[in-house]
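Geometric and topological summary
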Amino acid sequence: CHRRLYDLSGFVRLHPGGEQLLRRRAGTDVSAALDGPPHRHSENARRWLEQYYVGEIEPGDEQGCAAQNPAAAAQLCAWYWDGLWVPQHYNHCLLPQDLVDWQKPLLWQVGYLGEKYDEWVHQPVDRPIRLFHSDFLEFLSKTAWYVVFMVWTPVVLYLSWVSYTSLAQGNTRLFSSFTTEYSIPIHKYYFPFIFLLGMILWSLLEYLIHRFVFHMKPPASNYYLITLHFLLHGQHHKSPFDSSRLVFPPVPASLVIGFFYGVLRLLLPEVLGLSVFVGGLCGYVIYDMMHYYLHYGSPKKGTYLYGLKAYHVKHHFEHQKSGFGISTRFWDYPFRTLIPEETFKKED
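These lines cover the structure that appears in this document, whether it is placed above or below. This one's a predicted model, so the numbers in the text were calculated from it and none came from an experiment.

Attention now goes to the overall build of the protein chain. Counting its regular elements, the protein chain contains 14 helices and six strands. Burial statistics for the protein chain: of 348 residues in total, 43% are counted as buried. Counted over contacts in the protein chain with a minimum sequence separation of 6, partners at least 24 positions apart contribute 67%. With the model as given, the accessible surface of the protein chain reaches about 20200 Å², and the carbon-plus-sulfur share is 61%.

The next subject is the nonpolar core. The biggest cluster of nonpolar side chains holds 44 residues, and the ones touching the most others in it are Phe11, Trp152, Phe241, Ile257, Phe277, Leu281 and Tyr284. Sorting the residues of this core by element identifies helix H3 (43-49), helix H9 (145-168), helix H10 (191-214), helix H12 (250-267), helix H13 (270-296) and helix H14 (304-317) as the ones contributing at least two each. Considering each element in turn, this core owes the most residues, 16 residues, to H13. Each of domain 1 (4-82) and domain 2 (135-332) gives at least three residues to this core. Leaving out residues up to four positions away in the same chain, Trp152 has contacts with Pro250, Ala253, Ser254, Ile257, Leu281, Tyr284 and Val285. One finds Val100, Leu106, Val121 and Val125 within the second-largest nonpolar core, a separate group that totals 15 residues.

By the element assignment, Asp126 lies in the loop between helix H7 (117-121) and helix H8 (135-140). Buried charge Asp126 goes without a salt bridge, the closest partner of opposite sign being Arg127 at 8.6 Å. In terms of polar contacts, Asp126 uses its side chain to reach the side chain of Tyr52, at 2.6 Å.

Moving on, we come to the pattern of salt bridges. Opposite charge on two side chains lets them pair, provided their charged atoms get close. If you walk through the whole model with that rule in mind, you get six salt bridges. Here Asp135 and Arg130 are joined by a salt bridge, their closest N and O atoms 2.7 Å apart. Under the relative-accessibility criterion, Asp135 is labelled exposed at 58%. Taking the shortest distance from any N to any O, the salt bridge between Arg245 and Glu138 comes out at 2.5 Å.

With that settled, the discussion passes to a nonpolar patch on the surface. Nonpolar side chains collect at one region of the surface, where Phe212, Val213, Leu225, Leu228, Leu231 and Leu232 lie side by side and expose about 460 Å² of accessible area between them. Taken together, the elements giving at least two residues each to the nonpolar patch come down to H10 and helix H11 (223-238). Per element, the largest residue contribution to the nonpolar patch is four residues, and it comes from H11. Take Leu232: it is sitting in helix H11. Note on Leu232: relative accessible area 39%, which makes it partly exposed.

Given 3.6 residues per helical turn, the α-helix brings residues three or four places apart onto the same face. Its 27 residues place the ends of H13 39 Å apart at the C-alpha level, agreeing with the 39 Å of an ideal helix rising 1.5 Å per residue. Counting buried positions along H13 yields 24 of 27 residues, so the element is predominantly enclosed.

Rules used throughout
Residues numbered from 1 in each chain as written. Predicted model: local features only at pLDDT ≥ 70, side-chain atom pairs only at ≥ 80, totals over all residues. Heavy atoms only, no water. Helix = DSSP H or I, 4+ residues; strand = E, 2+ residues; numbered from the N terminus. Buried < 20%, exposed > 50% of the residue type's maximum accessible area, 1.4 Å probe, protein only. Contact = heavy atoms within 4.5 Å. Areas by Shrake-Rupley, 256 points an atom, 1.4 Å probe, with all protein chains shown as cover. Core = buried A, V, L, I, M, F, W, Y, C linked by side-chain atoms within 4.5 Å. Domains from an automatic or database assignment. Lys, Arg positive; Asp, Glu negative; His and termini not counted. Salt bridge = Lys/Arg side-chain N within 4 Å of Asp/Glu carboxyl O. Polar contact = N/O pair within 3.5 Å; in protein donor to acceptor, adjacent residues only side chain to side chain. Patch = residues over 30% accessible without salt bridge, like charges linked within 9 Å, V, L, I, M, F, W, Y side chains within 5 Å. Expected span 1.5 Å × (residues − 1).

Here it is, written out as C-alpha cells:
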C-alpha cells in the first residue's frame, strides 16, 4: 500500500477554498496542491488533514491491499468492504498521544501544561471541547449562533427607538456639564451618524480585545492565567470548528456589554451614550454572525466574505500573531498586523 487515503466528507463544507474545490479533487493525488498555488498549506493544515486518514492503498489494487494485510487495516482504523473504505472513528484514532485527557473537562487541565501550552493550543483539532464538570456551567458556556441574533436584535431595535425618541425631545446637549453657553445641541437627525460611530468604535474594540486580551501570552508558570486564556479564547483556537463555541453566550456577554454601557454613561450624556452604545451593540451582533459564517459558511469565490474567510482561517492555522480583524481587516493596516499575501515563483 503506497497511497494515503483520507475521508474528508466531514470537512468538505468547512474547507476555506470552497466545497467544490475539494469535490473536484476527490479520488486524486493532492500532494502538489498542498504546496500551492494558490495557497501553500501550513504545517497545522497538514496536521489537520491527518485526522481524516483512513489507511493506505495501492492504485488499482484497493481490495487486494486490505486483503493482504487485514491486521494492518484494522490498525489504520479502516476496512475495505463491498468496494468502499469504511473508517472506524477515523478522526481521532490516529492522533498522537495528547497532553490532556479529552475524556475529562479541559479547563482545569490546561494550566498544568506550562511552557507547552502555547504550542499545544495553536495546534487545532477537529473535535468538541468540554470545559466544566458541571452540566449547568457547561450549558452556559455554549450557544447556537441564532441565539445571539434572537436575544440581542430586539434589544438593538428597542434601544434605537428609545435613543431616537429621546433625542427628538431636544434636551440632549454635548458639553453641557462643563458649560451651558457653548454646549452643542444633539438633534434627532444625528442619530444615524451616532449609531454608525458606535459601530466603528466596536470594530476598533473588536480588534483591540482580540489582539491584546484574547491573544495575550500567559506566563508559563501561571496556572490561573493559562486557564483564563483558554476559557476566553484558547479553546476556540484549539477547536476552531466546534459549532457550539463560535459565538459569545448571552449570559457572560450581558456582563461584558453592561460594563461597556456603564463606561459610556460615565463619559457621555445619557441619551448620547445610549445612542453610541446601541450602534456598538449592533456591531457586536454583526461580528458574531460573521464569525460563525467565516467558520461554517461557504461564500462564493471572489466575494468579500470569501476573502475574509480565507484570511481568518490563515489566522487560525498559521498567523496567530497577526490578522486580528474578523468583521473587517481595516484595523490590521494601521496597527501593522496584516497577514502578508503569499507569492509563488513562476516556473521557467
